[in-house]
Amino acid sequence: MKKNLVALAVAAAFVVPGVAFAADTSNADTGPVVFGYAQITGAQQFGTGPGSSNGLIFGANRIRLGFKGEAVPGVTYYIQGAYDEAGLGNANALFPKTAGLLNNGLGGNIGGGAQAQLMDAWINFAPVPFAQLQVGKFKTPEGLEYTGTAGNELTFIYRNMNQSLLPGRSAGAMLHADDVMGTGIGYAVGMFDNTSLDPATVYSNINTFGGGQSGLLNGNGKYIVSGMLKYSMGPLLTAELSGSMGTENNRGTDNLTSWNVGVQGGMMGIHYGAGYTKASGVSAWPYLNTNPLYTPVTYSATDWHAELAANLYEMTLTPDWLDVEAAARYDQYAVHGQGTLANTTVGLNYYVNPNNPHAAEVQLNYILATRGGSINNTYPGPNGLAPINGVAYNTLMLQFQAGF
């Protein structure tokens, strides 16, 4: 009997504090939850000419690892690191060492792959659902597809080219809500430093913090203000209107503006999306096909896209082990008075498990590129630079994705 009492006392000494600790912390910390995914990609371009980069390319479009959780009720956090475009990096003014891969050295994506980067790091305070405060580094609220669709949930391997005309990610603060008082109306408005992570957007050109005491105590005095208003009818329709105003801390360029309108939705296996983006201001970026690099000029650039997808399993045309989706998109990027780049993409997606479609999937895309005007003959080389997500040559891409 004594031995049993001793054993019970010893067990209680370990178990009871553990139970009490779990009870105390369950309301204060529900994480972190670890998440991530990898997209392994192969690409083959056509028509780049002899001696050009027209071979088969293997790499990783996106590799992400993150942590998220709730610190206390109403206060959540999100941290995501990335090693994107490993082996697929493209040349541009900031990343010339990545030349000779996709687009035959034209550029086209964000220029990642050189090193791991911290993509997102934010804290969200939600004392009331209709007036939440998000602070940290995250996507500025402009562009429906860009802000509302994660990189592992895209219908196509690449996003639209309008990403070049949006501010991208930056550090700042934002008031927002997704569904105000159950009306389906959502909004977001924020102010950000213009040190955008995406270096090839019209808002960012190697921006730096100000001098003085230190980079964190003295800003550069250049900011971006972004806002979005959207309405959702559930899966059938989501519509948004968004825009940004900002300044660029590079050779005196200033007064940048952009706006975007977009819709997306679907039902019974049919999914659709469309959008229009326009940006104007003063920039030194060569992919705008204006003047040579480092010569700030006034520009006006637009992008529009329309896409349609049909999921055969959701339409009850195939069994659950054959969850396939056919998709097509037209995306046109243009700089007023200079030229255009159009990408027509035909895609086929296969989801291994329809109950968790993005945990494991295979995507096949063929992109037909059409160029016009000086988009085909621009500084600094004979073929110039392409915008983010733009493919300047006909390209076949195959991507394998797995995540958790």
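Below, the structure is looked at part by part. (Residues numbered from 1 in each chain as written. Predicted model: local features only at pLDDT ≥ 70, side-chain atom pairs only at ≥ 80, totals over all residues. Heavy atoms only, no water.)

Turning next to the overall build of the chain. Across its full length, the chain carries 2 helices and 16 strands. Burial analysis of the chain (404 residues in total) assigns 45% to the buried set. The long-range fraction of contacts in the chain, counting pairs at least 24 apart against all pairs at least 6 apart in sequence, stands at 64%. As displayed, the chain offers around 18,400 Å² of accessible surface, 66% of which is attributable to carbon and sulfur atoms. (Helix = DSSP H or I, 4+ residues; strand = E, 2+ residues; numbered from the N terminus. Buried < 20%, exposed > 50% of the residue type's maximum accessible area, 1.4 Å probe, protein only. Contact = heavy atoms within 4.5 Å. Areas by Shrake-Rupley, 256 points an atom, 1.4 Å probe, with all protein chains shown as cover.)

What follows concerns the side chain of Glu 145. Take Glu 145: it is sitting in helix H2 (residues 144-148). Overall, the relative accessible area of 15% leaves Glu 145 in the buried class. Polar side-chain contacts of Glu 145 include one of 3.4 Å to the side chain of Asn 160. Discounting residues that sit within four places of it in the chain, Glu 145 has contacts with Leu 154, Arg 159, Asn 160, Gln 264 and Arg 329. (Polar contact = N/O pair within 3.5 Å; in protein donor to acceptor, adjacent residues only side chain to side chain.)

Time to look at a nonpolar patch on the surface. Nonpolar side chains collect at one region of the surface, where Ile 40, Phe 46, Ile 63, Tyr 83, Leu 348, Leu 364, Tyr 366, Leu 368, Leu 396, Leu 398 and Phe 400 lie side by side and expose about 900 Å² of accessible area between them. Along the chain, the position of Leu 368 falls in strand E15 (residues 360-373). When its relative accessible area of 38% is taken as the criterion, Leu 368 is described as partly exposed. (Patch = residues over 30% accessible without salt bridge, like charges linked within 9 Å, V, L, I, M, F, W, Y side chains within 5 Å. Salt bridge = Lys/Arg side-chain N within 4 Å of Asp/Glu carboxyl O.)

Moving on to the nonpolar core. Leu 165, Val 202, Tyr 203, Ala 279, Tyr 299, Ala 301 and Tyr 333 are the most contacted members of the largest nonpolar core, which has 13 residues in total. Looking at this core, the elements that each hand over two or more residues are strand E12 (297-311) and strand E13 (323-335). Every residue in contact with Leu 165, bar those within four places of it in the chain, is listed here: Val 202, Tyr 203, Ser 258, Thr 277, Ala 279, Ala 301, Thr 302, Asp 303 and Tyr 333. Of all hydrophobic cores here, the second largest spans 6 residues; its members include Ala 43, Ile 157, Tyr 158 and Met 397. (Core = buried A, V, L, I, M, F, W, Y, C linked by side-chain atoms within 4.5 Å.)

Below, the discussion takes up unusual backbone geometry. Unlike most non-glycine residues, Met 181 shows phi in positive territory, near 55°. Its place among the elements puts Met 181 in the loop between strand E6 (169-177) and strand E7 (185-193). With phi around 55°, Met 268 is a residue other than glycine that occupies positive phi space. Locating Met 268 in the fold gives a position in the loop between strand E10 (256-267) and strand E11 (270-283).

The next point concerns the packing of aromatic side chains. Scanning the model with the defined rule gives 6 aromatic pairs in all. Each ring, one from Phe 35 and one from Tyr 78, has its centre 5.3 Å from the other, and the planes form 35°; the classification is tilted. In this pair, Phe 35 is assigned in strand E1 (residues 33-46) and Tyr 78 in strand E3 (residues 75-82), connecting sequence segments 43 residues apart. Given the relative accessible area of 12%, Phe 35 is considered buried. On the numbers, 5.2 Å between centres and 50° between planes, the contact of Trp 304 with Tyr 330 is tilted. With Trp 304 in strand E12 and Tyr 330 in strand E13, the pair connects residues that are 26 residues apart, well separated along the chain. In this structure Trp 304 comes out as partly exposed when scored by relative accessible area, which is 35%. Linked through ring pairs, Phe 35, Tyr 78 and Trp 122 together constitute an aromatic cluster. For Lys 68, the ring lying beneath its charged end belongs to Phe 35, and the centroid distance is 5.2 Å. In this arrangement the basic side chain of Arg 371 is found over the ring face of Tyr 393, its NZ or CZ atom lying 4.5 Å from the centre. (Phe/Tyr/Trp six-rings, centres within 6.5 Å; stacked < 30°, edge-to-face > 60°. Lys NZ or Arg CZ within 6 Å of the ring centre and 35° of its normal.)

Moving on to the environment of Met 397. You can see Met 397 is positioned in strand E16 (residues 394-403). On the basis of relative accessible area, Met 397 is assigned to the buried category, the value being 1%. Met 397 sits 30 residues away from Ile 367 along the chain, and the two C-alpha atoms are 8.1 Å apart.

Turning next to the pattern of salt bridges. If you walk through the whole model with that rule in mind, you get 4 salt bridges. A salt bridge links Arg 64 to Asp 84, with the shortest nitrogen-to-oxygen separation between them at 2.7 Å. Residue Arg 64 is found in strand E2 (residues 56-72), and its partner Asp 84 is found in the loop between E3 and strand E4 (117-125); the two are separated by 20 residues along the sequence. Residue Asp 84 is classed as buried on the basis of its relative accessible area of 13%. One salt bridge connects Arg 159 with Glu 145, and the closest N-O pair in it is separated by 3.5 Å. Separated by 14 residues along the polypeptide, Arg 159 in the loop between H2 and E6 and Glu 145 in helix H2 bring together distant segments of the chain.

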